[in-house]
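Observations on the three-dimensional arrangement
Here are the chains, one letter per residue:
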Amino acid sequence: MTSGNTTMSNDTILKVEHLSMRFGGLMAINDFSFEAKRGEITALIGPNGAGKTTVFNCITGFYRPTMGMITLTQKSGEQFLLERLPDFEIPKKAKVARTFQNIRLFSGLTVLENLLVAQHNALMKASGYTVLGLLGLPAYKKAAGEAIEKARYWLEKADLIDRADDPAGDLPYGAQRRLEICRAMCTGPELLCLDEPAAGLNPKESLALNTLLRSIRDEGTSLLLIEHDMSVVMQISDHVVVLEYGQKISDGTPDHVKNDPKVIAAYLGVEDEELDEVIHEVEAIAGGEA
Ligand SMILES: Nc1ncnc2c1ncn2[C@@H]1O[C@H](COP(=O)(O)OP(=O)(O)OP(=O)(O)O)[C@@H](O)[C@H]1O
């Protein structure tokens, strides 16, 4: 299989096999494998320094893995080996979009302009890459109309439509996070990778984020997220994969993972003899949220 091959479609959108990443003497990721299913929210969790961001950076082309294979299968069945694609082709060809831990909006541009900039490539293609095309081609006018429609659609979904003409930098923090997600959605991804989307959000903003992420999933885009906020992970994920010291220690439903003693020990950093007590606490919290 090579990048761009067409094969039968299946329900696995992302398959990571035997991924390893070495930084000098440090093996940050060591023989890590997992799958993300199409139409699901998959969360990658683990203690600080476990290797989550490194895995994300390998998937999204920021790092070239030391070893391993990362296969993205689109709805059409077309497959891409992400570790072989140049980073700029991962969003364009493989249709994998991402957001970062720190917000990267154009704060001086309006909310709407941020979403139009995200669609710049499609607009330039429609212009035929000429000034005349920009000024007069019907294809460009049509594409420009569609870009505005797409932006409006995602602003409605994210409850940001009333702020469309305000500078992005004026939005509250939680709204900026949702705008970043809208911007990624405007590129038409099949897989959306989110790096700690709930970091720094208050409970109300967290709820709005959950609603947006669920609606993205329900419309057919698969999500992969790194998240430290366990209430977000447990409420919205269909599937959770847990890393510790660059290796997978658990993989399953949120219920399976939250009751897995290895996860509790690793994630909360408790000693073996304290495990029973912690399991009861976790169950009590989960019961309270239900
Ligand atoms: N570019 C790099 N060069 C050297 N070491 C790195 C680099 N990137 C990550 N590491 C190391 O790899 C390990 C995994 O880091 P990574 O950032 O992937 O963990 P993480 O699970 O995302 O952590 P956190 O939850 O704190 O963001 C850490 O020991 C980190 O110091």
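Sequence order as written defines the numbering, with residues in each chain counted from 1. pLDDT decides what is reported in this predicted model: residues at 70 or higher carry local features, side-chain atom pairs at 80 or more are listed and counted, and totals for whole chains, interfaces and linings draw on all residues regardless.

With an unreviewed UniProt entry as reference, the protein chain is termed ABC transporter ATP-binding protein, source organism Rhizobium glycinendophyticum. UniProt positions are given in the numbering used here, feature names are shortened, and annotations may be inferred rather than shown by experiment. UniProt's Sequence similarities (unreviewed entry) comment on the protein chain is quoted here verbatim: "Belongs to the ABC transporter superfamily."

A tally of helices and strands in the protein chain yields twelve helices and eleven strands. Residues with at least 20 neighbouring C-beta atoms inside 10 Å of their own are called buried, those with 12 or fewer are called exposed, and the rest are partly exposed, where every C-beta is derived from the backbone. Among the 290 residues that make up the protein chain, the fraction classed as buried is 37%. By definition, residue pairs are in contact when their C-beta atoms, positioned from the backbone, come within 7 Å. Across the protein chain, the fraction of contacts at a sequence separation of at least 24, relative to all contacts at a separation of at least 6, is 66%. Only DSSP runs of H or I reaching four residues or more are called helices, and only runs of E reaching two or more are called strands; each is numbered from the N terminus.

Once that is clear, we can look at the site of the ligand. Put plainly, near means the residue's C-beta atom, positioned from the backbone, lies within 6 Å of the molecule or strand in question. Near the ligand, the surroundings consist of Phe23, Leu26, Ala28, Gly46, Asn48, Gly49, Ala50, Gly51, Lys52, Thr53 and Thr54. Counting only elements with at least two residues in the shell around the ligand, the list comes to β3 (26-37) and α1 (52-59). Examining the composition of the shell around the ligand, we find that three residues originate from one element, α1, more than from any other. In this classification, the charged set is Asp, Glu, Lys and Arg, the nonpolar set is Ala, Val, Leu, Ile, Met, Phe, Trp, Tyr, Cys and Pro, and all remaining amino acids, among them Gly, are polar. Its residues assigned to classes, the shell around the ligand shows four nonpolar, six polar and one charged.

A separate point is α1. Taken across its eight residues, α1 has seven buried, putting it largely inside the fold. Looking only at α1, the buried set comprises Lys52, Thr54, Val55, Phe56, Asn57, Cys58 and Ile59. Once α1 finishes, glycine 61 follows within two positions and takes phi at roughly 85 degrees, a positive value.

Formed by 70 residues in total, the largest nonpolar core has its most connected members in Cys182, Leu192 and Cys193. Note that domain bounds follow an automatic or database assignment of domains. Both domain 1 (1-95 + 189-252) and domain 2 (105-188) contribute no fewer than three residues apiece to this core. The term nonpolar core refers to a set of buried Ala, Val, Leu, Ile, Met, Phe, Trp, Tyr and Cys residues connected through C-beta atoms within 7 Å.

Quick look at helix α7 (residues 173-185) now. Here a helix's expected span is defined as the number of its residues, less one, multiplied by 1.5 Å. The terminal C-alpha atoms of α7 lie 19 Å apart, and with 13 residues this matches the ideal 18 Å at 1.5 Å per residue to within 8%. In terms of residue burial, α7 counts as a mostly covered element, since ten of its 13 residues are buried. Residues of α7 that are buried include every one of Gln176, Arg177, Arg178, Leu179, Glu180, Ile181, Cys182, Arg183, Ala184 and Met185, and no others.

We now examine the confidence of the model for the protein chain. Here pLDDT means the predictor's own confidence in every residue, given as a number from 0 to 100. Looking at the protein chain, the pLDDT average stands at 86 and 81% of residues meet or exceed 70. Looking over the protein chain, one finds the lowest element-wise mean pLDDT in strand β1 (residues 5-6), namely 40, and the highest in strand β2 (residues 12-23), namely 98. For the stretch residues 1-9, pLDDT sits under 50, and the model shows 19 contacts to residues farther than four places along the chain or on other chains. Across the interface, the model reports ipTM at 0.97; the global pTM reads 0.84.

This part covers the environment of phenylalanine 32. Tracing the backbone shows phenylalanine 32 in strand β3. Separated by 222 residues in sequence, phenylalanine 32 and proline 254 have C-alpha atoms that sit 19 Å apart. Not counting residues within four places of it along the chain, the set of residues in contact with phenylalanine 32 comprises Val16, Leu19, Val55, Leu243, Gly246, Gln247 and Lys248.

The six strands are arranged β7-β8-β9-β4-β10-β11 in an open sheet whose pairing can be described as mixed. Edge positions in the open sheet fall to β7 (96-99) and β11 (247-252), since each of these has one partner strand only. Taking the axes of each pair of neighbouring strands and ignoring which way they run, one obtains an average angle of 15 degrees across the sheet. Relative to strand β10 (residues 239-244), strand β4 (residues 41-45) is paired through four bridges, and the arrangement is parallel. By the bridge assignment, leucine 44 is partnered in β10 with valine 241. Axis definition: a line fitted to C-alpha atoms, limited for helices to the stretch in contact. Angles are taken between N-to-C directions and run from 0 to 180 degrees. The sheet strands contacting α7 are β7 and β8 (191-195), and the helix crosses β7 at an angle near 165 degrees. Against the sheet, helix α8 (residues 203-218) engages β4, β8 and β9 (222-226), with an angle of about 145 degrees to β9. Pairing between two strands is assigned when DSSP locates at least 2 bridges connecting them.

Take the pairing of β10 next. Burial analysis of β10 places five of its six residues in the buried class, which makes it a mostly covered element. Two elements, β10 and β11, share five bridges in a ladder whose sense is antiparallel. In the strand pairing of β11, valine 242 is matched with serine 250. Linking β10 back to β11 in an antiparallel pair, the connection comprises two residues, with tyrosine 245 at a positive phi of about 45 degrees.

Where α7 meets α8, the closest approach of the two axes is 9 Å, and the angle between their N-to-C directions is 15 degrees. By the angle class used here, α7 and α8 are roughly parallel. Remark: the crossing between α7 and α8 carries right-handed chirality. Where α7 abuts α8, its residues Gly174, Arg177, Arg178, Ile181 and Met185 lie against Glu205, Ala208, Leu209, Leu212 and Ile216. Of the residues that constitute the contact of α7 with α8, the class distribution is six nonpolar, one polar and three charged. When an angle is under 35 degrees it counts as roughly parallel; over 145 it counts as roughly antiparallel; between 65 and 115 it counts as roughly perpendicular; any other value is oblique. Left-handed describes a crossing whose near helix is turned anticlockwise from the far helix through less than a right angle; right-handed describes the clockwise counterpart.

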